[in-house]
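Listed below are the residues making up each chain.
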2 protein chains.
Amino acid sequence: MSQRPEKLPTSETITRQPLSGSRKVYVPGQLHDIQVAMREISVTDTVSHTSGRRTPNTPVTVYDTSGPYTDPSVVIDLQKGLPRLREAWIRDRQDVEDLSDFSSTYCQQRMADRSLDALRFEHIRTPMRAKVGQNVTQLHYARQGIITPEMEYIAIRENQRINELGNDPLAVQHTGNSFGANTPAGYITPEFVRQEVASGRAIIPANINHPESEPMIIGRNFLVKINTNIGNSVVTSSIEEEVEKAVWSCRWGGDTLMDLSTGKNIHETREWIIRNCPVPIGTVPIYQALEKVNGKAENLTWAIFRDTLIEQAEQGVDYFTIHAGVLLRYIPLTAKRVTGIVSRGGSIMAKWCLAHHQENFLYTHFEEICDIMKAYDVAFSLGDGLRPGSIADANDAAQFAELETLGELTKIAWKHDVQVMIEGPGHVPMHMIKANMDKQLAHCDEAPFYTLGPLTTDIAPGYDHITSAIGAAMIGWYGTAMLCYVTPKEHLGLPNKQDVKDGVITYKIAAHAADLAKGHPGAQYRDNALSKARFEFRWDDQFNLSLDPDTARAFHDETLPAEGAKIAHFCSMCGPNFCSMKITQDVRDYAEQQGLTDADGLDKAMADKAREFVEQGSEIYQ
Amino acid sequence: MSQRPEKLPTSETITRQPLSGSRKVYVPGQLHDIQVAMREISVTDTVSHTSGRRTPNTPVTVYDTSGPYTDPSVVIDLQKGLPRLREAWIRDRQDVEDLSDFSSTYCQQRMADRSLDALRFEHIRTPMRAKVGQNVTQLHYARQGIITPEMEYIAIRENQRINELGNDPLAVQHTGNSFGANTPAGYITPEFVRQEVASGRAIIPANINHPESEPMIIGRNFLVKINTNIGNSVVTSSIEEEVEKAVWSCRWGGDTLMDLSTGKNIHETREWIIRNCPVPIGTVPIYQALEKVNGKAENLTWAIFRDTLIEQAEQGVDYFTIHAGVLLRYIPLTAKRVTGIVSRGGSIMAKWCLAHHQENFLYTHFEEICDIMKAYDVAFSLGDGLRPGSIADANDAAQFAELETLGELTKIAWKHDVQVMIEGPGHVPMHMIKANMDKQLAHCDEAPFYTLGPLTTDIAPGYDHITSAIGAAMIGWYGTAMLCYVTPKEHLGLPNKQDVKDGVITYKIAAHAADLAKGHPGAQYRDNALSKARFEFRWDDQFNLSLDPDTARAFHDETLPAEGAKIAHFCSMCGPNFCSMKITQDVRDYAEQQGLTDADGLDKAMADKAREFVEQGSEIYQ
């Protein structure tokens, strides 16, 4: 047998435990035979400290990207991959065929290479592809008026059961400002999903060869999503580490995952990831194409790239970043930039264009790319190869020239019913962010926007998850559909598992802050439930309702570890005499002891006291 | 001798080393005999990799809050305190007298208590106070048309020597959007400082009994400032730890420091801090007053509070948070809130008001408070006792009712030439933040705004430095003058040294992002210098120019520790073949090798290539 130099994933080390206080729940469909996964956070009773009376609190249901990993009833074997959730739905559409072999030359070579046996995912099936003359994209189905099982799954998933909340006072929320978007009025219906997809305002990345993925949607009028990036580089990381990062990313809230590997065994690494990943996977195919020509950009060819697209599509990649907007005539516009071209794919294509004195082959062959995409339902993520990599370069001519071309390409893709989202910046100071959103909406006919941050200053390497969270929250509010995360390692090195988590939590914050500002239905419920728990000193509930219960609990326990502290009406910030919420409770108890037990009465009791005072005619400043 | 149960600060453990790459520099005044401290970051030469030619880069001068600690030529002895920088300026004004003893009864008791000898700062001087009939506030001087040494110091300090940059291309920056503020046109003059203070739009917190502080200004038309909070609680922390945190906070960029101690030996702890602190100190006097009545809010009296104000003013506290806007009739407006009153001071006053059925004594005695403040030049930080502590409570009637009263009180303080800033929220979703700024400007006649965040969502305890950095950056952009930091421990426990640093760096990011968005003169210089260093792979320069060189360097070295990596044209994120900036450099080198050596020529070279192509008539999509 061959050597095993590569560390492969084993099921023993993968994190399976449900998040603290959570259990997986499944909501059945009405139109289709589906079970939609989400999670329910248990909440303890409110206990009145005057009367001792207990009032139950409703469990809080939240969107869950962690997949079957956190369902203890599901048997997970990384060697076999996740359950193929969508396979039956795909086959029922009767528009695909099973291929007898992989179509890509490169893939065939890799499969035949015995030296790779030791690190290859073993249970590889031959791919499916659209029957001749068929188009299998969700956009195509949507425009036919069809509500697919994927669409119904998404509608139920996005709702988080808010349609069951009724008159729950915690369901009250501020009216938002979504800048005129088509924000859903109450809860989301499958028909609403279909319409948004049909209009191009939303995409459902769901390659027929990635049936393990739980359907999700990227669009301005849905919950703001986040993407995480993993992948090795030639300098570091193994297959085992990358699969770990993928599962870890999903656990904490990553909605999609990009495998940006540039090191060795890119093909085999990706197979392991896709087979075990419950969220859509994106890639940048030009990276692997570059690896095939040993890093020499000038040696790239359309043929190599085309084969790479097919190789990756047949593995199940759900969306491709394609830098088809880096046009030859735009490259001079970057000559005076402070940081030049910071996109890997953009710089590779720029180098190729100049070396050959030819137009970008991704642009010239764009319709052929569409033909490949629609045979598997791979979505475009039209790359922002000319995005600004420094504050100085923000919103310059190069950046916006490319954006206009991406708008042109969007129309072409839509001619083929291929799904499209548009990538965006970058490094942009706060006051220049909205212009990006406005231009993208105008040029790209409201196709979903997918930005990297933006970073709002350059001066904090080591903290760029924060410099960019500011910009990401704002551009999410303005209408961006998906935010690509940035980790503390940005500009400095490859992120490890902790960095992945820091990036995910930070970007969940940005996305949720945007949902609140847009007034997304039900978004504020979790904030209200957590704040109520906080006010009532239900510490475990506060932790369990938060984005990262483990860290919240650990931080609290650093100074107050005893179990008794979990019902204490203070923490170590202020101690028992100074806790403002405890004092507020005392004030309310006092009023309650005056014989009133409801909030209106409390209000009245305090108002009476105040009026007494004024009637006694005390002097105050005028 | 008495026991030493309390760990006291020693000069050996204090961090003295200058930040990596930095040295302290002093810029002399023109109007006054002053030397203004700041720091200069050295930058290595740009080396052309085609020709080898070296071009020097200008060192970057930045604002520095770390004080004499990072000047190796200054001898520091924590037992003696910092040099009394401003003492001569204060005495030269000839409007103060030295008191023979402390005026506060409580202070006299503490000084006479032998059991405290072991933990008391030894070199205590009797305080200064305004001569009878004199008003010693910077506002008073400004309105007299006087440019004090403090004002000139500030003008030079705020400029960061941008007036010496000339035609430096890195001095180019985007035009900002300051929402109609009186943003300085070029660099700042002492007269501009005087005008801003005279108008009430800015304050210079500078108690005559804190001569160790380096003068600074808080105002919309100056650099956005940040405040940090330290202080013990009854649960944890020692004097040594608190002085450590104070020096640490200043090292990393805290512009002012609030000592919010609520535990033991508040008086003595504060003395150690003030004597050793180069930045203004704020307190919330009601905390210590509450400690004096053993935590029973009902037992507070005006007399105790008055004595506490004098006690703290004579130690040298530069600003007091005073919750004079928590009026009796506003308290019922909080009855239905999700999180009630979250301000310690606000809840204490609310409890007192209801217990006594009387108006808030801070409000009724406000003019007497002014009389005390103007004798020492203590500034008001008018407290937002009714700020919202949850998204649900944002922008409610209680919050804005108090804000209106703070506006009323501002006018009264200004009658006495007492400096005022206004505290603000809190927890506010993004779309509701601007309304806070607009209302505050209107009600408070543009007095400086000083907000706590705001946090833009409730769902991330453990990460509230981030949830609030988003809101803080935005409200700083809209015009807030100072941002009170939030650490990862918010809502969970007392922050330790690492939390203080995380909070400081996070809030420096928010403040600087706001400066960029406002188009503050010179703000973008550092971003440009760092990005240039990044693009040229001058790794040490990139680290040294960043807010936290230690962390940036450590993160890089996690995966590429060898010294050779510091000149490598890649990092472990992408490796040598995939680094976009390296590829961009290759592209530019190629053009340079075509015989052109300047940026315009490069632009032309690339444009020529592009034109060639078009002229060759290749077809492209229309």
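Residues numbered from 1 in each chain as written. Chains lettered and ligands numbered in written order. Predicted model: local features only at pLDDT ≥ 70, side-chain atom pairs only at ≥ 80, totals over all residues. Heavy atoms only, no water.

In the nomenclature of an unreviewed UniProt entry, chain A corresponds to Phosphomethylpyrimidine synthase from the organism Spirosoma oryzae. Heading Function (unreviewed entry) of the UniProt record for chain A holds this comment: "Catalyzes the synthesis of the hydroxymethylpyrimidine phosphate (HMP-P) moiety of thiamine from aminoimidazole ribotide (AIR) in a radical S-adenosyl-L-methionine (SAM)-dependent reaction." For chain A, the Pathway (unreviewed entry) comment in UniProt is given as "Cofactor biosynthesis; thiamine diphosphate biosynthesis." (UniProt positions renumbered as here; feature names shortened; annotations may be inferred.)

If you had to explain the relation of the copies chain A and chain B to someone new, which residues and values would you point to?
With an RMSD of 0.0 Å, the operation that places chain A on chain B is a rotation of 180° combined with a shift of 0.0 Å along the axis. As the rotation angle and translation indicate, the two copies are arranged about a two-fold axis. It is Ile-470 of chain A whose C-alpha, among those of chain A, lies nearest the rotation axis, at 2.3 Å. Here 100% of the contact residues of chain A are again contact residues in chain B; the copies associate through an equivalent surface. (Least-squares fit on C-alpha atoms with pLDDT ≥ 70 in both. Contact = heavy atoms within 4.5 Å.)

Could you give an account of the UniProt feature "binding site: Zn(2+)" (unreviewed entry) in chain A, with specific residues and numbers?
In the numbering used here, UniProt assigns the "binding site: Zn(2+)" (unreviewed entry) feature to His-427 and His-491 of chain A. For the annotated residues, spread through 65 residues, the largest C-alpha to C-alpha distance comes to 12.4 Å, consistent with a single compact locus. With respect to the secondary-structure elements, His-427 of chain A resides in the loop between strand 15 (420-424) and helix 14 (433-443). When neighbours within four sequence positions are excluded, His-427 of chain A is seen to be in contact with Pro-388, Gly-389, Ser-390, Ile-391, Ala-394, Pro-454, Leu-455, Asp-458 and His-491 of chain A together with Arg-534 of chain B. Its place among the elements puts His-491 of chain A in the loop between strand 17 (482-484) and helix 16 (497-518). A residue is classified by how much of its surface remains accessible, and His-491 of chain A, at 19% relative accessible area, is buried. With residues near it in sequence (within four places) discarded, His-491 of chain A still touches His-427, Leu-455 and Asp-464 of chain A together with Arg-534, Trp-539, Gln-542 and Cys-571 of chain B. Within the local environment of His-491 of chain A, its side chain forms a polar contact with the side chain of Asp-464 of chain A, the two groups lying 2.8 Å apart. (Helix = DSSP H or I, 4+ residues; strand = E, 2+ residues; numbered from the N terminus. Buried < 20%, exposed > 50% of the residue type's maximum accessible area, 1.4 Å probe, protein only. Polar contact = N/O pair within 3.5 Å; in protein donor to acceptor, adjacent residues only side chain to side chain.)

Run through the UniProt feature "domain: ThiC-associated" (unreviewed entry) in chain A, naming residues and quoting values.
When the UniProt feature table is mapped to this numbering, "domain: ThiC-associated" (unreviewed entry) covers residues 18-97 of chain A. Along residues 18-97 of chain A one finds 8% helix and 29% strand; the C-alpha atoms at either end are 38 Å apart.

So what about the environment of Ala-185 of chain B? Which residues, and what values?
Residues and elements named next belong to chain B. Mapped onto the elements, Ala-185 comes out in the loop between helix 4 (149-159) and helix 5 (190-198). Accessibility expressed as a relative area gives 84% for Ala-185, which makes it exposed. Measuring from C-alpha to C-alpha, the distance between Ala-185 and Gly-519 comes to 9.9 Å, with 334 residues separating the pair along the chain.

Go over the interface of chain A and chain B, please, and point to the residues and values.
The partner chain B presents 139 residues to the 139 residues of chain A that form the contact. The junction of chain A with chain B conceals about 11,600 Å² of combined surface from both sides, 69% of it contributed by carbon and sulfur atoms. Between chain A and chain B we count two salt bridges in total. Among the salt bridges present, the one from Glu-558 of chain A reaches Lys-489 of chain B, with a minimum N-O distance of 2.8 Å. For the pair chain A and chain B, the interface holds 26 residue pairs in polar contact (both at pLDDT 80 or more). For the side of chain A that touches chain B, the per-class residue count stands at 69 nonpolar, 44 polar and 26 charged. (Buried area = accessible area lost by both parts, 1.4 Å probe. Salt bridge = Lys/Arg side-chain N within 4 Å of Asp/Glu carboxyl O. Nonpolar A, V, L, I, M, F, W, Y, C, P; charged D, E, K, R; others polar.)

Break down the confidence of the model for chain A for me, citing the residues and quoting the values.
In the predicted model, chain A carries a mean pLDDT of 92, and the fraction of residues at 70 or more is 94%. Here the complex is predicted with pTM 0.95, and the ipTM for its interfaces comes to 0.95. (pLDDT = per-residue confidence, 0-100.)

I'd like to hear about the pattern of salt bridges, residue by residue, with values.
Residues and elements named next belong to chain A. Considering all chains together, one arrives at 86 salt bridges over all chains under this definition. The partner of Arg-91 in a salt bridge is Glu-87, with the nearest N and O atoms 3.2 Å apart. Here Arg-91 and its partner Glu-87 are both found in helix 1 (residues 87-92), four residues apart, which amounts to about one turn of the helix. Relative accessible area serves as the criterion here: at 14%, Glu-87 is assigned to the buried category. Between Glu-446 and Arg-201 there is a salt bridge, with the nearest N and O atoms lying 3.6 Å from each other. Note that Glu-446 is positioned in the loop between helix 14 and strand 16 (449-452) and Arg-201 in the loop between helix 5 (190-198) and strand 8 (202-203), a separation of 245 residues in sequence. Taking relative accessible area as the criterion, Glu-446 reaches 34% and is therefore assigned partly exposed. You can call Arg-201 buried: its relative accessible area is 18%.

Tell me about the packing of helix 15 (residues 464-478) of chain A against helix 16 (residues 497-518) of chain B, residues and numbers included.
The contact between helix 15 of chain A and helix 16 of chain B brings their axes to 10 Å, and the two run at 40°. In terms of their interaxial angle, helix 15 of chain A and helix 16 of chain B are classed as oblique. Seen along the crossing, helix 15 of chain A lies across helix 16 of chain B with a hand that is right-handed. Residues Ile-466, Thr-467 and Ile-470 of chain A of helix 15 of chain A form the contact with helix 16 of chain B, whose own contacting residues are Thr-506, Ile-509 and Ala-510 of chain B. Looking at the contact of helix 15 of chain A with helix 16 of chain B residue by residue, the classes come out as four nonpolar, two polar and no charged. (Axes fitted to C-alpha atoms, helices over the stretch in contact; angles between N-to-C directions. Parallel < 35°, antiparallel > 145°, perpendicular 65-115°, else oblique. Left-handed = near helix turned anticlockwise from the far one by under 90°.)

With reference to specific residues and values, describe the packing of aromatic side chains.
Applying the stated criterion to the full structure yields 28 aromatic pairs over all chains. Of the aromatic side chains, those joined through ring pairs into one cluster are Trp-302, Phe-305, Trp-352 and Phe-361 of chain A. Directly above the ring of Trp-252 of chain A sits Lys-501 of chain A, whose terminal nitrogen or CZ lies 4.0 Å from the centroid. Between the NZ or CZ atom of Lys-439 of chain B and the centre of the ring of Phe-400 of chain B, over which it lies, the distance is 4.9 Å. (Phe/Tyr/Trp six-rings, centres within 6.5 Å; stacked < 30°, edge-to-face > 60°. Lys NZ or Arg CZ within 6 Å of the ring centre and 35° of its normal.)

Describe the sheet that holds strand 5 (residues 60-62) of chain A, with residues and values.
Residues and elements named next belong to chain A. The strand order across the open sheet formed by three strands is 1-2-5, and the pairing between neighbours is antiparallel. Of all the strands in the sheet, just strand 1 (22-28) and strand 5 have a single pairing partner and so form its edges. Taking the axes of each pair of neighbouring strands and ignoring which way they run, one obtains an average angle of 40° across the sheet. Note that strand 1 and strand 2 (residues 35-41) share seven bridges and pair antiparallel. Within strand 2, the position partnered with Val-25 by the bridge is Met-38. (Pairing = 2+ DSSP bridges.)

So what's going on with the pairing of strand 11 (residues 256-259) of chain A? Residues and values would help.
Residue and element names in this part refer to chain A. Neither face of strand 11 is open: one carries Thr-256 and Met-258, the other Leu-257 and Asp-259, and all of them are buried. Where strand 10 (residues 225-230) lies against strand 11, four bridges are found, and the strand directions are parallel. Paired with Thr-228 across the two strands is Leu-257, which belongs to strand 11. Pairing of strand 11 with strand 12 (residues 281-283) involves two bridges; the strand directions are parallel. Residue Leu-257 lies in a different strand from strand 12, and its bridge partner there is Ile-281. Once the chain exits strand 11 it traverses helix 7 (residues 266-275) before rejoining the sheet at strand 12, and the crossover so formed is right-handed. (Right-handed = clockwise from strand over helix to strand, strands pointing away.)

Break down unusual backbone geometry for me, citing the residues and quoting the values.
Note that the residue after Pro-425 of chain B, namely Gly-426 of chain B, is joined by a cis bond; omega there is 10°. Inspection of the secondary structure assignment puts Gly-426 of chain B in the loop between strand 15 (420-424) and helix 14 (433-443). In the segment running from Gly-453 of chain B into Pro-454 of chain B, the intervening peptide bond is cis, with an omega of 15°. Checked against the element boundaries, Pro-454 of chain B lands in the loop between strand 16 (449-452) and helix 15 (464-478). Even without glycine at this site, Gln-94 of chain A takes up a positive phi of about 55°. For Gln-94 of chain A, the position within the fold is in the loop between helix 1 and strand 6 (96-98).

An account of the domain arrangement of chain A is requested, with residue identities and associated values reported.
Taken domain by domain, chain A holds domain 1 (188-215 + 224-523) and domain 2 (569-621). A separation of 53 Å is found between the C-alpha centroids of domain 1 of chain A and domain 2 of chain A. (Domains from an automatic or database assignment.)

Talk me through helix 8 (residues 285-292) of chain A; I want residue IDs and the actual numbers.
Residues and elements named next belong to chain A. Most of helix 8 is tucked away, with six of its eight residues classed as buried. Among the residues of helix 8, Pro-285, Ile-286, Tyr-287, Gln-288, Ala-289 and Leu-290 are the ones counted as buried. Positive backbone phi, at 55°, marks Asn-294, one or two positions downstream of helix 8.

I'd like a description of the pairing of strand 13 (residues 319-322) of chain B, backed by residues and values.
All names here are of chain B. Every second residue of strand 13 is oriented toward a common face, with Tyr-319 and Thr-321 on one face and Phe-320 and Ile-322 on the other, all of them buried. Bridging between strand 12 (residues 281-283) and strand 13 involves two bridges; their strand directions are parallel. Each bridged residue has a counterpart across the sheet, and for Thr-283 the counterpart in strand 13 is Phe-320. The pairing of strand 13 with strand 14 (residues 379-382) spans four bridges and is parallel.

Go over the environment of Ala-335 of chain A with me, naming the residues and quoting the values.
Residue and element names in this part refer to chain A. By the secondary structure assignment, Ala-335 is in the loop between strand 13 (319-322) and helix 10 (344-356). Assessed through its relative accessible area of 3%, Ala-335 is described here as buried. Residues Ala-335 and Ala-398, 63 residues apart in the sequence, show an inter-C-alpha distance of 9.7 Å.

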